[in-house]
Every structure is written in C-alpha cells, then in structure tokens.
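Residue-level structural notes
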Amino acid sequence: MLLDGKVALVTGASRGIGRAIAKEFASQGAKVALCARSVDALQAVADEIAAAGGCAQPFALDVSSADGVRAVVEAVTEHLGRLDILINNAGITRDGLIARMKDDAWEEVLNTNLRGAFYLARAAAKIMMRQRCGKIVNISSVVGLTGNPGQANYAASKAGLIGMTRSVAKELGSRNIQVNAIAPGFIVTDMTDSLPEALKATLLEQIPLGRLGQPEEIAKAALFLASDWSDYVTGQVLAVCGGLT
C-alpha cells in the first residue's frame, strides 16, 4: 500500500484522468478528497471507491475561485486530518484559431488550468510546509511542450504549469516537498472521444507505440510521483505519451 495513511486532494476527479488517479490512490491506501464542480458526479466516484474498500469524500470546487480553493483545502484538512498529496488535474479546452479567439475563451482556460493550479498549490504549500513533507503533481500536457494549432490558450496554460512546477520545486525543496508535472499525450477521455476519426488516425501515425493512452496509465505515473518512490525527484516533467514527444 504505497499511500497508506496519506491524504490526497485530486481536482477534476469526476471523470477521465482525475477519476483514474483518485481510484488508483484509494486502492493504495490513501484517503482521497475528490474535487470538481459537480458533487453528483463526484459522489458516483466516491461510491465506486467505497465499494472497492477505499475511502473518498467529495467536495464541490470551482478551482478558479481563490476563496473557494481556500475553503475546500481547509475543509479537507479538517475532515481528513492533513494533506500529503495535491494533484492539480482540473482542466478545460476552448479551442479556436488565434485570429478568431474571443477574450472569454482565453481567460476561461487560463483561469481554470493555470490560475486554479496556482491557488491550490499556494494553499497546499502552507500546510505541507508545516508538515515538512508533501507531494504536488501538476497534470500538464504534451501540448505544453510542443504547441498545437487551434490551442494557443490551452498550450499556454499547460506550458505555464511546467514553469510553475519548476519554480515551486525550487522554493519548497528545503521543506521536503517534491513538485513535479506529468505531460500526458493523447489519452482516451471525453476530450479525445470527440475528435474526428480522420484526426485520430493521423495522431496514431505520429505515436511510436501506435495507440492512444489510457487514463490508468497516467494514474500509475501519478502514483510514482505521489509515493515515497519519488522522494529524490523534483522539478521534473514526465511525458507519458507513447513516444509522441
């Protein structure tokens, strides 16, 4: 049980990668605070985890709200006793070419994907510094490394997460807090399900392993970075992308 006795907060936990990470962590002994906008969707995940013998509690959270983040982090520590692991996974897309991109599309993506991760890292860091231990894992994207047409806002937010990861790792290292990022490639989620089949075929040609990734494969990488196995790893970006980058 790699996370026995640990408390983990996972954002975007109602589906996709966040759901897979929450289930993986619970199976490894962690008490998991499930965070997303919809409590109903989170309750389904909590029920799944409980049925498998794990422990999870849902918390409604809009990560773009500083007050909301502060309140939820306080509630998590009050109900679960501490905070050992933060997974910044919540993210949205509002795709469009730069010449046509509206201000709202830019701001919504940056507010959720980057500003939200900052709010959570700031709140979690204060607790982890007192504990003198902790793990922060930011879910970035290969798009943050390579760029992608029609995703200037999304790529900027994910590249920003990488810069934040490396900076915060240097700030918190002396307090025994490791901060790393995962850059998933194209993973089977709601986002990729909506892609046209022709585009999927083109993507597969660019991936040396010849397939899309599964959310559970990102969860395994997150488990490594959240566990004691990675105690001497910080400030790094782990690309889990089938060789795409």
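Located above this text is the structure these notes cover.
Reference entry: report on the structure contained in this document. (Residues numbered from 1 in each chain as written. Predicted model: local features only at pLDDT ≥ 70, side-chain atom pairs only at ≥ 80, totals over all residues. Heavy atoms only, no water.)

With that settled, consider the nonpolar core. Among the nonpolar cores identified, the biggest contains 33 residues, and Leu 9, Val 73, Val 76, Leu 83 and Leu 120 are the most heavily contacted of them. Of all the secondary-structure elements, those providing two or more residues to this core are β1 (7-11), β2 (31-36), α3 (66-80), α4 (103-131), α6 (152-172) and β6 (177-184). The residues touching Val 73, leaving out its near neighbours within four places in the chain, are Leu 9, Leu 83, Leu 120, Ala 123 and Ile 127. Within the second largest apolar cluster, 31 residues are counted, among which are Ala 36, Val 137, Ala 221 and Ala 226. (Core = buried A, V, L, I, M, F, W, Y, C linked by side-chain atoms within 4.5 Å. Buried < 20%, exposed > 50% of the residue type's maximum accessible area, 1.4 Å probe, protein only. Helix = DSSP H or I, 4+ residues; strand = E, 2+ residues; numbered from the N terminus. Contact = heavy atoms within 4.5 Å.)

In total, this model carries one aromatic pair according to the counting rule given. Ring centres 5.7 Å apart and planes at 45° place the aromatic pair Phe 118 and Tyr 119 in the tilted group. (Phe/Tyr/Trp six-rings, centres within 6.5 Å; stacked < 30°, edge-to-face > 60°.)

Following the criterion strictly, the structure yields ten salt bridges and no others. A salt bridge links Glu 24 to Lys 220; the shortest N-O distance between them is 3.3 Å. With a gap of 196 residues between them, Glu 24 in helix α1 (residues 16-27) and Lys 220 in helix α9 (residues 215-226) connect regions that are remote in the sequence. Residue classification places Glu 24 among the buried residues on the basis of a relative accessible area of 12%. For the salt bridge of Arg 82 with Asp 84, the shortest nitrogen-to-oxygen distance reads 2.8 Å. Here Arg 82 falls in the partly exposed class, since its relative accessible area comes to 31%. Classification of Asp 84 as buried rests on a relative accessible area of 4%. Taken together, the salt bridges that share partners define one network made up of Arg 19, Lys 23 and Glu 48. (Salt bridge = Lys/Arg side-chain N within 4 Å of Asp/Glu carboxyl O.)

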